[in-house]
Amino acid sequence: MFRTALRNVMAHKGRLLMTMLAVMLGTAFVAGTLVFTDTMGQALRTQNSKSYADIAVTVSDSSAVGRGYDHGADSTTGPALTEDTRKKIAALPGAAEARGVVSGFAGIADKKGALIGNGFSTTGTNYVPGADGTDPRYPLVEGRGPKDAAEIALDTRTAEKGGFKVGDTVRVAVNGPVMRLKLTGTLHTNDPRVMAGGSLAAFDGATAQDLYLSPGRFAELDVKAKPGTDDAALLTAVKQALPQGDNIEARTGRELAAEQDRMIAQGTKILSTFLMGFAAIALFVGIFIIANTFTMLVAQRTRELALLRAVGATRRQITRSVKVEAVLVGLTASVGGLLAGVGIAVGLKALLNGPLDANLPDGPLVIAPTTVLTALAVGVLVTLVAAWLPARRASRIAPVAAMSATEQPATQKSLVVRNTVGLLFSVAGLGVLAAGASGKEVKLVGLGAAALLLGVFVLTPLLSRPLIALLAPLLRAVYGTPGKLARENAVRNPRRTAATASALTIGVTLITSLTVIGASVNKAVDDSSSSELKADYTVAMQNGSMLSPEVAAQIAKTPGVSAVSADRGVPVTLGGNEGDTEWVTAVDAATIDQLTTIRIKEGSADALKQGKLLVSSSRSEHAGYKLGDVLAVTYPDGAKGTLTVGGILEPDTALATVMAPESVVGPHALPGSGLNKVLVKGANGATPELKQALRDATGGNPLIAVKGDKDIKAESRQAITDILNLMYGLLGMSVVIAVLGVVNTMAMSVFERRREIGMLRAIGLDRLGIRRMVRLESLLIALFGGLVGVGLGILTAWATIRTLAGDLKGLGTVVPPVQIVCFLLAAAVIGLLAALWPAHRAAKLDILDAIKSQ
């Protein structure tokens, strides 16, 4: 029977080609994911080990938060790491050197004033020259390091992007006005933030301390050990030399490197799991193709299998023969998929380092034994599972069937069982989906959607007849006989049509669901922005860090500005809960009602002007705050007092959870405390002149963004569009596999209907009519899959949106008609393209040879 299986695979290799391609693509996705994440993880770990190669002990100050990183510019809550501390540690017997480190955000503007790199990875630090005048952390490529406040050094990539050369003037900013500094040198760095597309600006030590902390203070001390010194012993000595405080922590370089390695492993695991989810979708789609192919092969070999039974083959041998064929197909395709996956990993890395400029670290390609075994096992297992049911059907072919060359029709009992199971799954899925939507349980929605999808797949043969029949009148009216024949062929074998259409349904369902959710979120964000925000412009840092307090004063002096309110977060304790920090948003009580819409549920909208608090409904319920409550408050500077709850906001407001007047809580904020944003109202509304004036008022800082209502909406839409495009791209593999399934089904249908096609040609249907018949049949199958997918996608999106409605004001289901129509048109195009080759083959059949075929 093994020889028989091998002979069958070789004899039908043409008909198995599309199945092999489907398996190969699925396993290529799996192998590519594993190879890429393993390669990237190994390269990052190697780079990480180099970063800590000469560091024996690191001392960090958790309270030393640089400007741009948090609310306070100098939020010391304990002892500081000073120059005296550094010298004391450097003098320890086992210490060769103690290097003080300061860091924060630093935006570099190109020659047009635009920010170089992304705002979240624009890093500034201190350049610490050794005896030879260079900093070993940042090897110089050209020039020298900065020596005073008028000088700066940049990483080579940033210098190249900005077109800067040594001696040029560079515009640099932290969280205030722009500084114009002389570029003294370019340097190399392995900093992962820079490698990920950011920038690095190196200042002299004193300047970096002034910019990010305070004179003589460090955020970190990196200690290098003398040869032969044990790191643990040096760590003990360093701890004894440090000032005592909860904000000071000392750890060995090995511990930090190991922690970074764990974080890298966790990150690559998350990425791998995410990509593997889409690989699983592609493989699931492939199951339909494989099962359909083997079902058709078994049907076409009915006489052959019956003859084997007649000459003594047992049912088990027949089943085993089909399974062996599946293993051979899966193994062959998996080997091809493994090789293709390696190519995908290489190509993906080249793409990220090339056009996308991700600058991933260099490293060898990692093809782990587990990757090889996983790819082969997945391909074989998926093929074997998909072929299990066709194998069972093959074993049930009776010897008497040798007298018939036609496929044995499904029994009435099997149809009843199938439809009953499908109905039960569908009803259960709808019930769970509705329960999840009403109870806002995302897991229930996912479970219900999966059950409903399976139920619909089982019921698809039953659904195919009525849905395809809807298009029958149009086909007959437009295409005549070919249209009528296409409709009859599409519903002749509902199970085959269902399996082919279901593969496409999966991709369309997911794409439709994502699109509806994206459109709904966009609409909610647009409506929320329009209803809540009355300000013409919002001024904030691009990377979400804090603005300098001086920015609000500069903006208030700008001509054309009628109202300004700075938004500052102040950490306090309310109601005597000393261990719980409540972030109160301080705003200008006199102008905030001109800049935002304050919708009150209880109390007065003038509460802020009366020196009282405004609290959101959700925070009020959670913390138990009630209108009129007098709450004890402890401010960041240690001062104590009371604040009264003067108003409760509407439940769906997008304003801060707790708002207080700046005049009340602002004086107690820590020195240099930053601003979240500044809201601006123009005397003449939003105008290009006012926008430019605001940019000028911020000193042209490339990190500071001035955004109007349209800018905020466009930014939100772009973020959602980017996510959707990523999802569409990852789902593309499953769509390609579905297309192969349609091609495969149509090609095999043409093969088994050769005699019928020959007879049609003999009675007068021309080649064009044959081509139209095949194309229209494929079109009907694809449209059927598209229609079912669109319906399921909209239903799933509705349930998902219901669970998210409480997290986003005004979120409701929005079905974008243009995109939905485009999806259906895309399904139609897929059907027509998939039929090109099968239709060409059908039209080219010789009439006499076709009629003589068995």
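Everything below is about the structure printed above this text.
Being a predicted model, the structure only gives us computed values, none of them experimental.

Caption draft 1: Structural detail: the side chain of Thr-33. Within the secondary structure, Thr-33 is located in helix H2 (residues 17–51). Residue Thr-33 is classed as buried on the basis of its relative accessible area, which comes to 4%. If we skip the residues at most four places from it in the chain, Thr-33 touches Ser-272, Leu-275 and Met-276.

Caption draft 2: Representation of the pairing of strand E1 (residues 57–61) in the model. With respect to burial, E1 is a largely interior element, four of its five residues being buried. Across five bridges, E1 lies against strand E14 (residues 248–252) in antiparallel orientation. Within the sheet, the bridge partner assigned to Val-59 lies in E14 and is Ala-250. In the sheet, E1 pairs with strand E13 (residues 220–225) via four bridges, with the strands oriented antiparallel.

Caption draft 3: Quick peek at empty space enclosed by the protein. Summed over the entire model, instances satisfying the criterion amount to three cavities of 30 Å³ or more. The computed volume of the largest cavity comes to approximately 40 Å³. Lining the largest cavity we find Phe-36, Thr-39, Met-40, Ala-43, Lys-349, Leu-360 and Pro-361. Counting residues per element, the lining of the largest cavity draws most heavily on H2, at four residues.

Caption draft 4: Expanded view of the packing of helix H24 (residues 767–804) against helix H26 (residues 836–844). Remark: H24 packs on H26, axes separated minimally by 8 Å, with the N-to-C direction vectors making an angle of 145°. Here H24 and H26 pass one another in a crossing that is right-handed. Contacts from Arg-767, Ile-770, Arg-771, Val-774 and Arg-775 of H24 reach H26 at Leu-836, Pro-838, Ala-839, Ala-842, Ala-843 and Lys-844. Counted by class, the contact of H24 with H26 contains seven nonpolar, no polar and four charged residues.

Caption draft 5: Highlighting the packing of helix H23 (residues 754–762) against H24. It is at 10 Å that the axes of H23 and H24 come closest, and there the two elements cross at 140°. Judged by the inter-axis angle, H23 sits oblique to H24. The hand of the H23/H24 crossing is right-handed. On H24, the residues that touch Ile-757, Leu-760 and Arg-761 of H23 are Arg-767, Ile-770 and Met-773. By residue class, the composition of the contact of H23 with H24 is four nonpolar, no polar and two charged.

Quick notes on the rules
- Residues numbered from 1 in each chain as written.
- Predicted model: local features only at pLDDT ≥ 70, side-chain atom pairs only at ≥ 80, totals over all residues.
- Heavy atoms only, no water.
- Helix = DSSP H or I, 4+ residues; strand = E, 2+ residues; numbered from the N terminus.
- Buried < 20%, exposed > 50% of the residue type's maximum accessible area, 1.4 Å probe, protein only.
- Contact = heavy atoms within 4.5 Å.
- Pairing = 2+ DSSP bridges.
- 1 Å grid on protein atoms, 1.4 Å probe; cavity = no way out; pocket = protein on both sides within 12 Å on 5 of 7 lines; lining within 4 Å.
- Points joined across faces, edges and corners; volume = space filled by probe spheres on them.
- Axes fitted to C-alpha atoms, helices over the stretch in contact; angles between N-to-C directions.
- Left-handed = near helix turned anticlockwise from the far one by under 90°.
- Nonpolar A, V, L, I, M, F, W, Y, C, P; charged D, E, K, R; others polar.
- Parallel < 35°, antiparallel > 145°, perpendicular 65-115°, else oblique.

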